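Listed below are the residues making up each chain.
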Amino acid sequence: STPDSYIINGVTYPKDTYSNIPSSILDKLDRNLHLKPSHPISILRQIVEDHFSSYTPLVPSSAIVSVDQNFDELGFPPDHPGRSLTDSYYLNNEYMLRTHTSAHEVESYRKGLDKWLLSADVYRRDEIDSSHYPIFHQMEGTHIWSNSDLHLLPKLNEELEKKISNYNIAIEDETFISSSNPFQSHHDPIHAEQITKHLKHSLNSLIFRLFGHQANQKGGEPLKVRWIEAYFPFTTPSYEVEVFWQGEWLELLGCGVVMQKTLDQSGVSDKSGWAFGLGLERLSMVLFSIPDIRLFWTSDPRFSSQFKQGQITTFNSYSKYPPCYKDMSFWLPPASTNSSSDQHGASAAGGKISSPTHMKPFHENDYCEIVRDVAGDLIESVTLIDDFTHPKTNRQSKCYRLNYRHMDRNLSNDEVNELQNIVQKRVVGEMGIEMR
Ligand code: PHE
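Residues numbered from 1 in each chain as written. Predicted model: local features only at pLDDT ≥ 70, side-chain atom pairs only at ≥ 80, totals over all residues. Heavy atoms only, no water.

### Focus: unusual backbone geometry
Here is step 1 of the chain: A cis amide bond links Thr 236 with the next residue in sequence, Pro 237, at an omega value of -5°.
Here is step 2 of the chain: Positive phi outside glycine occurs at Asn 394, with the angle close to 70°.
Here is step 3 of the chain: Looking at where Asn 394 falls in the secondary structure, it is placed in the loop between strand 14 (379-389) and strand 15 (396-404). (Helix = DSSP H or I, 4+ residues; strand = E, 2+ residues; numbered from the N terminus.)

Right under this line is the structure:
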């Protein structure tokens, strides 16, 4: 790549005011953790593929998609917060790194496939802590039927219900069809209800496959799963599913009945069905007991040698090297307001697209991006420890604690100071902030 364009796999993408991808991200575009046979991310992918064994597995060829594919085709409104430069990575105003596997729905349905599972790396700008990393992996799964076959669903659902009645599972489902989570108007409500049932049964059974071991042992507590209403621009009704695991509700996936608009654009207007999107990192972290998301990216054999294809085993954490904290206090640029937003999350609320100007309001994701670009995987977390507004001048200051730690060796104070100095210089130069 050059200052004026990104060159990726021989293709040139001219840069413009949207371009915001640092080299630390570009370097990881071809890592494909989900395809390395005995990597935990890949082990989970294979278990899900094995569970849905009649679904066609798909792998898209590139992480670069058009903004159209990632957002417009799926009905994201122009002011959706997920589109903002603080949340997503853009090559330019036309191309971006996909933020979710749903970006491939239209092209996959267009292939004429009715049941498929697509796995891929996805990219989102975010905060820094042990469970957030700007690259993670998702699986998109879907089942659609010709409308003339929908009358088969009650029978299929009965079979699934029979199977689930053998599981030691407690499903909490207080979702209902309402004006905020409606069936689609062109769907016969009886059909839409059957599709929703098939969706719920299929995913409950996947979740039991992944988490049900303890519940299935003699005297085991039932596995608790709960269904929550959600909002996505490309499904309705829409849901999120959580599982109760080690004392906490863990959000696993988003799903819903595919919007007709998606199917129309794929040339399969006469079909209906459901889709889900499952995040693989958080799932791997809890199932394999992996304590830090950066471990997925290490090449240390003490990590990689612990996993075997087809098996969910408990990771033995090798000794952690000591952390090294450095605090950084600074004044925000004058007249700067805070902004932060969540990606595709369930919130339907619109946010503002941050305009690509130089005096952007301070955004924590921009700050974290620079820290990551300088420190790479040596940064473990960035935490706001003080937020202060001067009572007279109204100027706002923040103090962040940067926690550095190497996964495989000790860090020296000198090398951490050097990183901290580079971060300082860059944030002053690029974000218009002033050190205190
Ligand atoms: N793409 C959504 C996300 O990343 C998840 C999703 C997939 C929701 C398919 C509905 C259907 O949050």
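Continuing now.
### A word on the pairing of strand 15
Here is step 1 of the chain: Of all 9 residues making up strand 15, 8 are buried, and the element is well covered by its neighbours.
Here is step 2 of the chain: Across 8 bridges, strand 13 (residues 324-331) lies against strand 15 in antiparallel orientation. Within strand 15, the position partnered with Met 328 by the bridge is Tyr 400.
Here is step 3 of the chain: As paired elements, strand 14 and strand 15 share 9 bridges and run antiparallel to each other. The residue bridging Phe 388 from the neighbouring strand is Ser 397, located in strand 15.
Here is step 4 of the chain: With antiparallel pairing between neighbouring strands as the criterion, strand 14 and strand 15 make up a hairpin whose turn holds 6 residues, including Asn 394 at a positive phi of roughly 70°. (Buried < 20%, exposed > 50% of the residue type's maximum accessible area, 1.4 Å probe, protein only. Pairing = 2+ DSSP bridges.)

### Quick notes on the sheet that holds strand 14
Here is step 1 of the chain: Pairing is antiparallel in the open sheet, where 4 strands are placed in the order 14-15-13-16. Because the sheet does not close on itself, it has two edges, and the strands there are strand 14 and strand 16 (434-435).
Here is step 2 of the chain: Sitting on the sheet, helix 11 (residues 364-375) touches strand 13, strand 14 and strand 15, and the angle it makes with strand 14 is about 140°.
Here is step 3 of the chain: Those strands touched by helix 12 (residues 413-431) are strand 13, strand 15 and strand 16, and its axis lies near 20° from that of strand 13. (Contact = heavy atoms within 4.5 Å. Axes fitted to C-alpha atoms, helices over the stretch in contact; angles between N-to-C directions.)

### Thoughts on helix 11
Here is step 1 of the chain: Relative to the 16 Å expected for 12 residues at 1.5 Å per residue, helix 11 spans 16 Å between its end C-alpha atoms, a close match to the ideal helical length.
Here is step 2 of the chain: Counting buried positions along helix 11 gives 10 out of 12 residues, so the element sits mostly inside the fold.
Here is step 3 of the chain: If you check which residues of helix 11 are buried, you get Asn 365, Asp 366, Tyr 367, Cys 368, Glu 369, Ile 370, Val 371, Arg 372, Val 374 and Ala 375.
Here is step 4 of the chain: Buried-residue contacts for helix 11 involve helix 1 (23-26), strand 13, strand 14, strand 15 and helix 12. (Expected span 1.5 Å × (residues − 1).)

### Let's talk about the packing of helix 2 (residues 40-51) against helix 6 (residues 189-211)
Here is step 1 of the chain: Look at helix 2 against helix 6: their axes get within 11 Å of each other, and the N-to-C directions meet at 130°. Considered as vectors, helix 2 and helix 6 are oriented oblique to each other. Relative to helix 6, the crossing made by helix 2 is right-handed. Contact residues: Leu 44, Ile 47, Val 48, Asp 50 and His 51 in helix 2; Ser 202, Ser 205, Leu 206, Arg 209 and Leu 210 in helix 6.
Here is step 2 of the chain: Partitioned by chemical class, the residues of the contact of helix 2 with helix 6 number 5 nonpolar, 3 polar and 2 charged. (Parallel < 35°, antiparallel > 145°, perpendicular 65-115°, else oblique. Left-handed = near helix turned anticlockwise from the far one by under 90°. Nonpolar A, V, L, I, M, F, W, Y, C, P; charged D, E, K, R; others polar.)

### Topic: helix 12
Residue pairs spaced three or four apart in an α-helix point in one direction, given the helix's 3.6 residues per turn.
Here is step 1 of the chain: With 19 residues, helix 12 extends 26 Å from end C-alpha to end C-alpha; this agrees with the ideal 27 Å at 1.5 Å per step.
Here is step 2 of the chain: Among the residues of helix 12, those classed as buried are Val 416, Leu 419, Gln 420, Val 423, Val 427 and Met 431. Looking down the long axis of helix 12, one finds its buried residues gathered within 100° of arc, a one-sided arrangement. Residues of helix 12 that are exposed and point more than 90 degrees away from the buried face comprise Asp 414, Glu 418, Lys 425 and Gly 429.
Here is step 3 of the chain: The secondary structure elements touched by the buried residues of helix 12 are strand 13, helix 11, strand 15 and strand 16.
Here is step 4 of the chain: Gly 432 occupies a position one or two residues after helix 12 and carries a positive phi of about 65°. (Arc of directions from axis to C-beta.)

### Digging into the sheet that holds strand 12 (residues 271-279)
In a beta sheet, neighbouring strands are held together by backbone hydrogen bonds and run either parallel or antiparallel to one another.
Here is step 1 of the chain: Spatially, the 8 strands line up as an open sheet ordered 3-6-7-12-11-10-9-8, and their pairing is mixed. Here the strands that pair on one side only, and so sit at the sheet edges, are strand 3 (56-58) and strand 8 (169-173). Here the average twist between neighbouring strands, direction ignored, is 25°.
Here is step 2 of the chain: Running over the sheet, helix 9 (residues 280-288) touches strand 7 (135-146), strand 10 (235-245), strand 11 (248-258) and strand 12 and is turned about 55° from strand 12.

### Considering the pattern of salt bridges
Here is step 1 of the chain: Tallied over the entire structure, the rule returns 20 salt bridges.
Here is step 2 of the chain: Arg 302 is the partner of Asp 300 in a salt bridge, and the nearest nitrogen-oxygen pair spans 2.8 Å.
Here is step 3 of the chain: With a relative accessible area of 10%, Asp 300 lands in the buried category.
Here is step 4 of the chain: Sharing partners across several salt bridges, the network here consists of Asp 292, Arg 294, Glu 380 and Arg 405. (Salt bridge = Lys/Arg side-chain N within 4 Å of Asp/Glu carboxyl O.)

### So, the site of the ligand
Here is step 1 of the chain: His 100, Ser 102, Arg 124, Gln 138 and Gly 277 are the nearest of the 15 residues found near the ligand.
Here is step 2 of the chain: Between the ligand and His 100 there is a distance of 3.0 Å, counted from a nitrogen atom to a side-chain nitrogen or oxygen.
Here is step 3 of the chain: Measuring from an oxygen atom of the ligand, one finds a side-chain N or O atom of Arg 124 at 3.0 Å.
Here is step 4 of the chain: When the free accessible area of the ligand is taken as 330 Å², the share hidden by the protein chains comes to 93%.
Here is step 5 of the chain: Broken down by element, the residue count for the shell around the ligand peaks at 3 residues, all from strand 12.
Here is step 6 of the chain: Each residue belonging to the shell around the ligand can be placed in one class, and the counts come to 5 nonpolar, 7 polar and 3 charged. (Near = heavy atom within 4 Å. Polar contact = N/O pair within 3.5 Å; in protein donor to acceptor, adjacent residues only side chain to side chain. Areas by Shrake-Rupley, 256 points an atom, 1.4 Å probe, with all protein chains shown as cover.)

These results come straight from atomic positions and should not be treated as a statement about function.
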